[in-house]
Amino acid sequence: MALYRKYRPATFADVVGQEHVTEPLSTALAANYGLKRAMTFVCAVPVGWGLLFTLCAGGVGALVVAMPALRLGIKVLGVSYLLWLAYKIGTASKLSSVDESRLNVTFFQGVMLQFLNIKAWMLALTVVAGWMAGQADAVSRFALLLPVMLFFGFASNLLYAAMGSLLRDWLQQGHRLMWFNRFMALVLVITSAWMATF
């Protein structure tokens, strides 16, 4: 079966969003550090996804489908990284304990997270296969889809980071931040388990 048929999405909703991975991180970073500090990650996510999408449009994504060992490696690294981040978030219980060494997600790590997310690979392949592969106007379709996907990734992560930032003062009372961080860590663990099934 041709790649573009195997991964063709049924609806546009099937191709938008990998928020289940990045949005809990955006929320947790903003709740712990504030919106300004979380912006590094918020901006890194669409950059990483845009690079991944560009590579898939250029044909590199077909290697992930053709080489099961590569796909498994991406999955194992991605799940491991998310579990490590969940641990770091889940063990931060006070704003004073949240320092650079405990929950530091750099721009580079935010970009690379997309490359470790097997769902992001499958989404990029789905978009390429469903709307670009075999089309005479594939380059113009790419030029149309890329900014839409980048905007959606940025806007959704910014929204979740803003919510985390708004919760920041409320979370400083009692043990609220500890429970919030544990909940966000649990969301990442559940997401990791879900990603492992792909």
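Note: the structure precedes this text.
The structure presented is a predicted model; accordingly, all values stated were derived computationally and were not measured.

Cut-offs applied
Residues numbered from 1 in each chain as written. Predicted model: local features only at pLDDT ≥ 70, side-chain atom pairs only at ≥ 80, totals over all residues. Heavy atoms only, no water. Helix = DSSP H or I, 4+ residues; strand = E, 2+ residues; numbered from the N terminus. Buried < 20%, exposed > 50% of the residue type's maximum accessible area, 1.4 Å probe, protein only. Contact = heavy atoms within 4.5 Å. Areas by Shrake-Rupley, 256 points an atom, 1.4 Å probe, with all protein chains shown as cover. Patch = residues over 30% accessible without salt bridge, like charges linked within 9 Å, V, L, I, M, F, W, Y side chains within 5 Å. Salt bridge = Lys/Arg side-chain N within 4 Å of Asp/Glu carboxyl O. Core = buried A, V, L, I, M, F, W, Y, C linked by side-chain atoms within 4.5 Å. Axes fitted to C-alpha atoms, helices over the stretch in contact; angles between N-to-C directions. Parallel < 35°, antiparallel > 145°, perpendicular 65-115°, else oblique. Nonpolar A, V, L, I, M, F, W, Y, C, P; charged D, E, K, R; others polar. Phe/Tyr/Trp six-rings, centres within 6.5 Å; stacked < 30°, edge-to-face > 60°. Lys NZ or Arg CZ within 6 Å of the ring centre and 35° of its normal.

1. Some points on the overall build of the chain
- On a plain count of helices and strands, the chain comes out with nine helices and zero strands.
- Its helices and strands in sequence order give the chain the pattern α-α-α-α-α-α-α-α-α, from N to C terminus.
- A burial count over the chain gives 45% of its 198 residues as buried.
- Taking the contacts inside the chain whose residues are at least 6 apart along the sequence as the reference set, 85% of them involve residues at least 24 apart.
- By element, 70% of the accessible surface of the chain is carried by carbon and sulfur atoms, the whole surface being about 9700 Å².

2. Quick word on a nonpolar patch on the surface
- Together, Leu55, Val60, Leu63, Met67 and Leu70 make up an exposed nonpolar region whose accessible area comes to about 380 Å².
- When you line up the elements, Val60 lands in the loop between helix H3 (35-57) and helix H4 (61-66).

3. Quick look at the nonpolar core
- Grouped together as the largest cluster of nonpolar side chains are 25 residues, with contacts concentrated most on Leu29, Phe41, Val105, Phe180 and Leu188.
- Of all the secondary-structure elements, those providing two or more residues to this core are helix H2 (19-33), H3, helix H5 (68-90), helix H8 (138-171) and helix H9 (176-196).
- Not counting residues within four places of it along the chain, the set of residues in contact with Phe180 comprises Thr27, Ala28, Ala31, Leu167 and Leu171.
- In this structure, Trp49, Ile74, Ile118 and Leu123 belong to the second largest nonpolar core, which totals 23 residues.

4. Quick look at the environment of Val128
- Examined against the element boundaries, Val128 turns out to sit in helix H7 (residues 118-131).
- When its relative accessible area of 12% is taken as the criterion, Val128 is described as buried.
- As for Val128 and Phe142, which are separated by 14 residues in sequence, their C-alpha atoms are 8.2 Å apart.
- Excluding residues that lie within four positions of it along the chain, Val128 makes contacts with Phe53, Cys56, Ala57 and Ala133.

5. Topic: the packing of H5 against H7
- Running from N to C, H5 and H7 cross one another at 130°; their axes reach a closest spacing of 8 Å. Between H5 and H7, the interaxial angle falls into the category oblique. For the pair formed by H5 and H7, the contact residues are Arg71, Ile74 and Lys75 on the first element and Ile118, Trp121 and Met122 on the second.
- When the residues that make up the contact of H5 with H7 are grouped by side-chain class, the tally is four nonpolar, no polar and two charged.

6. Considering the packing of aromatic side chains
- Here the structure, examined in full by the defined rule, presents two aromatic pairs.
- Between Trp49 and Phe53 the ring centres are 5.1 Å apart and the planes differ by 15°, which places this aromatic pair in the stacked class. Of this pair, Trp49 and Phe53 both sit in helix H3, separated by four residues, roughly a single helical turn.
- The class for Trp49 is buried, based on a relative accessible area of 6%.
- Residue Phe53 is classed as buried on the basis of its relative accessible area of 0%.
- Centroid distance Phe53 to Phe142: 5.3 Å. Interplanar angle 20°. Geometry classified as stacked. On the criterion of sequence distance, the pair formed by Phe53 in helix H3 and Phe142 in helix H8 is long-range, its members being 89 residues apart.
- What links up through ring pairs into an aromatic cluster is the set Trp49, Phe53 and Phe142.
- Just above the ring of Trp179 sits the side chain of Arg182; from NZ or CZ to the centre is 5.1 Å.

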